[in-house]
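One-letter residues, chain by chain:
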Amino acid sequence: MAQSPGELATLAKRPVRILIVDDNEDLSKGLRLLLRAHDYATVAAADAVSAISQAKNENPDLILLDLGLPAGDGFKVMERLNNVDSLASIPVIVLSARDVQSSKEQSLRAGAKAFFQKPADNKELLASIKQVLKESSHAAG
C-alpha cells in the first residue's frame, strides 16, 4: 500500500529513538530526562528479556545498555541482538559500573560502539551518542 506524501514526511521526521536498558530505575529516569532534553525519544527496559522485546517492538536507532541486568547480562543481550537480522545493525553504547579494563574490551569485542563507566559524564555521553548515530546513518545510507 502506497503512503501519502504526508505519511512519508511524518516518517522522515520521526525523532531519534533510544532504548535505555538498565535495572537501576533512578539512572534510567535520569537518562530519559537528559535525552528528552536533547530531543531524543526514549523507551526503557529493565532486564535482558524485555530489552530484546523492546528492541523488536520499538526499532530504536541506538541502545544504551547496562551490563549487569536481571535475566541475562548485557553481553547476552548483545549476542541476541547480533543473532536477529532486524536488530543486528542497531548500534549499542555500554554504560556499566563493572571493571573498566575487562568490561570495556569485552564490550567492544561484542560489538558495542562505545563504553562508559558509570556514572558517565553527560557531555561525553551525548557527544558519543551523536557520533555513533552519525556513523550509523552513513553506514545505512
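Look up a bit, the structure's there.
Along each chain, residue indices are assigned from 1 in the same order as the chain's sequence is written. Local features in this predicted model are restricted to residues of pLDDT 70 or higher, and side-chain atom pairs are both shown and tallied only at a pLDDT of 80 or more, whereas totals for entire chains, interfaces and linings draw on every residue. To get the side-chain values, all heavy atoms of the structure are used, and hydrogens and water are removed first.

Quick notes on the pattern of salt bridges
Between side chains of opposite charge, pairing is possible as soon as their charged atoms come close. Any Lys or Arg side-chain nitrogen located within 4 Å of an Asp or Glu carboxyl oxygen qualifies as a salt bridge. Taken as a whole and judged by the stated rule, the model has six salt bridges. Ionic pairing is found between Glu 105 and Arg 109, a salt bridge with its closest N-O pair at 2.9 Å. Here Glu 105 and its partner Arg 109 are both found in helix α5 (residues 100–109), four residues apart, which amounts to about one turn of the helix. For the pair shown, Glu 105 and Arg 109 are each scored as exposed. Each helix corresponds to a stretch of at least 4 residues labelled H or I by DSSP, and each strand to a stretch of at least 2 residues labelled E; elements are numbered beginning at the N terminus. Think of it in three bands: with a 1.4 Å probe and only protein chains considered, a residue is buried below 20% of the maximum accessible area for its type, exposed above 50%, and partly exposed in between.

Details of the layout of surface pockets
A cavity, in this analysis, means grid points on a 1 Å lattice covering only the protein atoms where a 1.4 Å probe fits yet has no way out; a pocket is instead an open set bounded by protein on both sides within 12 Å along at least five of seven lines, and a residue lines either one if it has an atom within 4 Å of a point. Grid points are joined across faces, edges and corners, and a volume is the space filled by probe spheres set on the points. Taken as a whole, the largest pocket holds about 400 Å³ of empty space. Forming the boundary of the largest pocket are 21 residues, of which Asp 61, Ser 89, Ile 90, Pro 91 and Ser 136 lie nearest the centre. Breaking the lining of the largest pocket down by element, the ones donating at least two residues are α4 (74–82) and α6 (122–140). With five residues, α6 is the single largest residue contributor to the lining of the largest pocket. Broken down by class, the residue content of the lining of the largest pocket amounts to 13 nonpolar, six polar and two charged. All residues other than Ala, Val, Leu, Ile, Met, Phe, Trp, Tyr, Cys, Pro, Asp, Glu, Lys and Arg, Gly among them, are scored as polar; the first ten of these are nonpolar and the last four charged.

With respect to the sheet that holds strand β1 (residues 17–21)
A pair of strands counts as paired when DSSP detects no fewer than two bridges linking them. On the basis of which strands lie adjacent, the open sheet formed by five strands has the order β2-β1-β3-β4-β5 and parallel pairing. Of all strands in the sheet, those bounded by a partner on one side alone are β2 (41–45) and β5 (114–117). On average, adjacent strands in this sheet sit at an angle of 20 degrees to one another, irrespective of strand direction. Pairing of β1 with strand β3 (residues 62–65), which is carried by four bridges, proceeds in the parallel orientation. Within the sheet, the bridge partner assigned to Ile 18 lies in β3 and is Leu 62. Should any heavy atoms of two residues lie within 4.5 Å, those residues are counted as being in contact. To define axes, lines are fitted to C-alpha atoms, for helices over the stretch in contact only, and angles between the resulting N-to-C directions are given on a 0 to 180 degree scale. Where α5 meets the sheet, its contacts fall on β4 (92–96) and β5, and the angle it forms with β5 comes to roughly 155 degrees.

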